[in-house]
Amino acid sequence: MKTNNLIVDSFDKLPSPSYVCEEKLLEKNLILLKRIQDEADVSILLALKGFALWSTFDLCKKYLKGCCASGLHEAILAKEEFGGEVHTYSAAFKDDEIDEIISISNHVVFNSFNQLKRYKDKAFGKTSLGIRLNPEYSSVEVDLYNPCAPFSRMGTTKANFDELQLEFLDGFHFHALCEQNVDALEGALAAFEDKFSQYFDKLKWVNFGGGHHITRADYDVEGLIKLLKDFRSRYPHLKVYLEPGEAIGWQTGYLVGTVLDVINNGMNLAILDTSAEAHMPDTLAMPYRAMVRNSGLAGEKEHTYRLGGNTCLAGDIMGDYSFDKPLKVGDKIIFEDMIHYTMVKTTTFNGIKLPSIVIKHNEKCYQIVKNFGYNDYKVRLS
């Protein structure tokens, strides 16, 4: 039976594991982003590195201006499935990909002046060129996600700025945040202007990058709108872009798995058909403790379990959670907020099955847009 694009009428009929994106919650985020675009007169792009569920792009493109890509494949996806503007940045482009990237991108942003010099003859006049700059403002606490950490490879510092190349540039791009509020943007923007505003009169656009946690409940939306308006009043000739990754998919869905076994090796252990290592790697890399629906901290409720995946990695552990009732084989475990920066990072480590992808249209309409199997594992290898 064909299982892709199958419609089921209840949660209980979903395959396990599955990512479930709730359309209503996604649209709520998009409506807020559209309001900011309109009130501040800026353009917001969907950052595919954080959210690439292209089955939702018909909805997303009603609200957003286009996509930002991190290389050729994301740029192709943006062009084919989203339309609108395509902005492509990479830490380093490749000779055998740059021609196609230029042909499908409205903006191409280089990480260094070395890269600009290498490709400017190909790109100048065919697309709008920019350079990523490092304002050397660091407010991100986890170095793994800090684009302005000491010795960062991301962006060009003031000491390495090459004024002789300005004639080839239409814009500047800076990215200094990671899931932060507007106060962090204020600091980064002040550092960016202090170092580089002397060149703004030669530009057409500025891209404020990502890391703007705009759809988080405590985000200062009005403060962002004011900041953007103030910037535009200072530089009315500049078009302003933002490209948040987390804000589009933030709290729009979950990862559901099933308990396969319950054992006790000194404590209660529940083994699931989903994996921290393969399906939610940021919980190990950041690291952070994912929220599990209807659970508490260890010892908070009557029955405590360590949740683990079914791979061979000893550290494939989601954490310790407590529940009102004992867990048993077949129980569903729902990991909250697993749509942004999670689906895009999945692997088939151990040959583990990738979670199915589901869009929840309403309580009685779940669309299974993708099921994965053996061939999805095999084609990644040779």
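Structure: see above.
Residues numbered from 1 in each chain as written. Predicted model: local features only at pLDDT ≥ 70, side-chain atom pairs only at ≥ 80, totals over all residues. Heavy atoms only, no water.

*Asks:* If you had to explain the side chain of Asp 331 to someone new, which residues and values would you point to?
*Replies:* When you line up the elements, Asp 331 lands in the loop between strand S15 (317-323) and strand S16 (332-336). Taking the relative accessible area as the measure of exposure, Asp 331 reaches 18% and is therefore buried. From its side chain, Asp 331 meets the backbone nitrogen of Lys 328 in a polar contact 2.9 Å long. Once residues within four sequence positions are removed from consideration, Asp 331 is found in contact with Gly 257, Thr 258, Val 259 and Pro 326. (Helix = DSSP H or I, 4+ residues; strand = E, 2+ residues; numbered from the N terminus. Buried < 20%, exposed > 50% of the residue type's maximum accessible area, 1.4 Å probe, protein only. Polar contact = N/O pair within 3.5 Å; in protein donor to acceptor, adjacent residues only side chain to side chain. Contact = heavy atoms within 4.5 Å.)

*Asks:* How would you explain the packing of aromatic side chains if you had to name every residue and give the values?
*Replies:* Within this structure, the stated rule accounts for 24 aromatic pairs. Relative to Phe 172, the ring of Phe 161 has its centre 5.8 Å away and its plane inclined at 85 degrees; by these criteria the two rings are edge-to-face. On the criterion of sequence distance, the pair formed by Phe 161 in the loop between strand S7 (128-133) and strand S8 (171-174) and Phe 172 in strand S8 is long-range, its members being 11 residues apart. Accessibility expressed as a relative area gives 12% for Phe 161, which makes it buried. Residue classification places Phe 172 among the buried positions, given a relative accessible area of 0%. Here the aromatic rings of Phe 172 and Phe 200 are separated by 6.2 Å at their centres, their planes lie at 65 degrees, and the arrangement is edge-to-face. Taken as a pair, Phe 172 in strand S8 and Phe 200 in the loop between helix H6 (182-196) and strand S9 (205-207) lie far apart in primary sequence, 28 residues in all. Each member of the pair Phe 172 and Phe 200 is classed as buried. (Phe/Tyr/Trp six-rings, centres within 6.5 Å; stacked < 30°, edge-to-face > 60°.)

*Asks:* An account of the sheet that holds strand S6 (residues 107-110) is requested, with residue identities and associated values reported.
*Replies:* Reading around the circumference, S3-S4-S5-S6-S7-S8-S9-S10 is the order of the eight strands in this closed barrel, with parallel pairing throughout. The mean inter-strand angle of the sheet, taken between neighbouring strand axes irrespective of direction, is 25 degrees. Alignment of strand S5 (residues 85-89) against S6, held across three bridges, turns out to be parallel. Bridge pairing links Tyr 89 to Val 109 in S6. Where helix H7 (residues 221-234) meets the sheet, its contacts fall on S9 and strand S10 (239-242), and the angle it forms with S10 comes to roughly 150 degrees. (Pairing = 2+ DSSP bridges. Axes fitted to C-alpha atoms, helices over the stretch in contact; angles between N-to-C directions.)

*Asks:* An account of the packing of H6 against H7 is needed here, citing residue identities and associated values.
*Replies:* Packing of H6 against H7 leaves a shortest axis separation of 10 Å and a crossing angle of 15 degrees. It follows from the interaxial angle that H6 and H7 lie roughly parallel. Here H6 runs over H7; the crossing is right-handed. Two secondary-structure elements touch here, H6 through Val 182, Leu 185, Glu 186, Leu 189 and Glu 193 and H7 through Gly 223, Leu 224, Leu 227, Phe 231 and Arg 234. Residue composition of the contact of H6 with H7, by class: six nonpolar, one polar and three charged. (Parallel < 35°, antiparallel > 145°, perpendicular 65-115°, else oblique. Left-handed = near helix turned anticlockwise from the far one by under 90°. Nonpolar A, V, L, I, M, F, W, Y, C, P; charged D, E, K, R; others polar.)

*Asks:* An account of helix H1 (residues 23-40) is requested, with residue identities and associated values reported.
*Replies:* The end-to-end C-alpha separation of H1 is 26 Å, in line with the 26 Å expected for 18 residues at 1.5 Å each. Of the residues making up H1, those classed as buried are Leu 26, Asn 29, Leu 30, Leu 33, Ile 36, Gln 37 and Ala 40. Projected onto a plane normal to the axis of H1, the buried residues spread over an arc of 115 degrees and lie on a single side. Residues of H1 that are exposed and angled more than 90 degrees away from the buried face: Lys 24 and Lys 28. Of the surrounding secondary structure, the elements contacted by the buried residues of H1 are strand S2 (18-22), strand S3 (43-47), helix H2 (57-60), H7 and helix H8 (246-249). Immediately beyond the C-terminal end of H1, within one or two residues, lies Asp 41, with a positive phi of roughly 55 degrees. (Expected span 1.5 Å × (residues − 1). Arc of directions from axis to C-beta.)

*Asks:* Give a description of the pattern of salt bridges that names residues and reports values.
*Replies:* In total, this model carries 21 salt bridges according to the counting rule given. When the shortest N-O distance is used, the salt bridge between Arg 35 and Glu 222 registers 3.1 Å. Separated by 187 residues along the polypeptide, Arg 35 in helix H1 and Glu 222 in helix H7 bring together distant segments of the chain. For Arg 35, a relative accessible area of 30% corresponds to the partly exposed category. Assessed through its relative accessible area of 48%, Glu 222 is described here as partly exposed. In this structure, the salt-bridge partner of Lys 360 is Glu 363, at a minimum N-O distance of 2.8 Å. With relative accessibility at 11%, the residue Lys 360 sits in the buried group. In the salt-bridge network here, residues are joined through shared partners; they are Glu 22, Lys 360 and Glu 363. (Salt bridge = Lys/Arg side-chain N within 4 Å of Asp/Glu carboxyl O.)

*Asks:* Account for the nonpolar core, naming residues and giving values.
*Replies:* Counting residues in hydrophobic clusters, the biggest one holds 97 residues, and the most contacted among them are Leu 46, Phe 172, Phe 208, Leu 228, Leu 307 and Phe 335. Broken down by element, this core gets its largest block of residues, seven residues, from H6. Ranked by size, the runner-up nonpolar core spans nine residues in total, among them Val 20, Tyr 254, Tyr 366 and Ile 368. (Core = buried A, V, L, I, M, F, W, Y, C linked by side-chain atoms within 4.5 Å.)

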